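Summary of the model geometry
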Amino acid sequence: MCGRYFIDEESIRKAENLVKTIDLSLAGRRDIYPSQPAPIIIRRGEEYASELCSWGFPRYDKKGLMINARSETALERRMFRKSLLERRCLIPAAGFYEWDQKKNKTAFFKKDTPAIFIAGFYRQDKEDNRFIILTTEANESVKEIHDRMPIIIEDKEIEHWFDPAVFEHLLHKRPENLANEIVEKKS
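1. Things to note about the environment of alanine 69
If you trace the backbone, alanine 69 turns up in strand β7 (residues 68–70). Separated by 67 residues in the primary sequence, alanine 69 and cysteine 2 place their C-alpha atoms 9.8 Å from one another.

Structure representation (structure tokens):
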């Protein structure tokens, strides 16, 4: 599961390289919580564009938000299928957090690049656009803390992610190992 991620100036700059225009008022390190607006990258024709969307689809029972979808079953779920087929997006981030059983907050990130793109999809809701993060089985670097993690789309995979004919194979990938550090230790 991914319940919080963070962006910083470098992740916004990397997204800007792809879309050419992004709201730079979002620059500066900050945590993104469910329900908050955050930038996503979408494809319009042959161009990439940035949108500000809220994180999470309202649940049908109106009790909270669905913030993640399992990549293995998202195409089977009526709530997600159409959006995943037609409105895939990338979520620029510097990394994401998970909490261990002792409630220590651990940041996961790539050491060799200042930013990552997380796989997601979006839909138009009553008030605004909303997005969901796709998760997969945790890799070796995450599984001691949590059994799920976001799908990370590498730069060389971006075109495939937005291609309706070939994106599905990315739903089954396991991201490469990540660096991590405890950022908040509980006593």
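Additional details are given in the paragraphs that follow.
2. So, the packing of aromatic side chains
Taken as a whole and assessed by the stated rule, the structure comprises 10 aromatic pairs. Centre to centre, the rings of tyrosine 97 and tryptophan 99 are 6.3 Å apart; their planes meet at 50°, and the pair counts as tilted. With a relative accessible area of 3%, tyrosine 97 lands in the buried category. Following the ring pairs from residue to residue traces out a cluster consisting of Tyr5, Trp55 and Phe131. When the ring centre of tryptophan 161 is taken as reference, the NZ or CZ atom of arginine 88 above it lies at 6.0 Å. Taking NZ or CZ as reference, arginine 88 lies 3.9 Å from the ring centre of phenylalanine 167, over its face.

3. Looking at the nonpolar core
One finds Tyr5, Ile40, Trp55, Ile91, Phe96, Phe131 and Ile133 to be the most contacted residues of the largest nonpolar core, which totals 27 residues. Residue assignment for this core shows that the elements contributing at least two residues are β1 (5–7), β3 (37–44), β4 (47–55), β8 (88–93), β11 (116–124) and β12 (129–137). The contact partners of phenylalanine 96, leaving out residues within four places of it in the chain, are Cys2, Arg4, Tyr5, Phe6, Thr106, Ala107, Phe108, Val142, Met149, Pro150, Ile152 and Leu178.

4. Some remarks on the layout of surface pockets
Where empty space is left in the structure can be found by rolling a water-sized probe over the atoms. The volume enclosed by the largest pocket comes to roughly 170 Å³. Around the largest pocket, the lining residues are Pro58, Arg59, Tyr60, Lys62, Arg123, Asp125, Lys126, Glu127 and Arg130. Looking at the lining of the largest pocket, its residues break down into two nonpolar, no polar and seven charged.

5. With respect to the environment of aspartate 155
Structurally, aspartate 155 can be placed in the loop between β14 (152–153) and α3 (158–162). By relative accessible area, aspartate 155 is classed as partly exposed at 47%. When the C-alpha positions of aspartate 155 and arginine 87 are compared, they lie 19 Å apart, and in sequence the two are 68 residues distant. Aside from chain neighbours lying at most four places away, what touches aspartate 155 is Lys14 and Phe117.

About the criteria used
- Residues numbered from 1 in each chain as written.
- Predicted model: local features only at pLDDT ≥ 70, side-chain atom pairs only at ≥ 80, totals over all residues.
- Heavy atoms only, no water.
- Helix = DSSP H or I, 4+ residues; strand = E, 2+ residues; numbered from the N terminus.
- Phe/Tyr/Trp six-rings, centres within 6.5 Å; stacked < 30°, edge-to-face > 60°.
- Buried < 20%, exposed > 50% of the residue type's maximum accessible area, 1.4 Å probe, protein only.
- Lys NZ or Arg CZ within 6 Å of the ring centre and 35° of its normal.
- Core = buried A, V, L, I, M, F, W, Y, C linked by side-chain atoms within 4.5 Å.
- Contact = heavy atoms within 4.5 Å.
- 1 Å grid on protein atoms, 1.4 Å probe; cavity = no way out; pocket = protein on both sides within 12 Å on 5 of 7 lines; lining within 4 Å.
- Points joined across faces, edges and corners; volume = space filled by probe spheres on them.
- Nonpolar A, V, L, I, M, F, W, Y, C, P; charged D, E, K, R; others polar.

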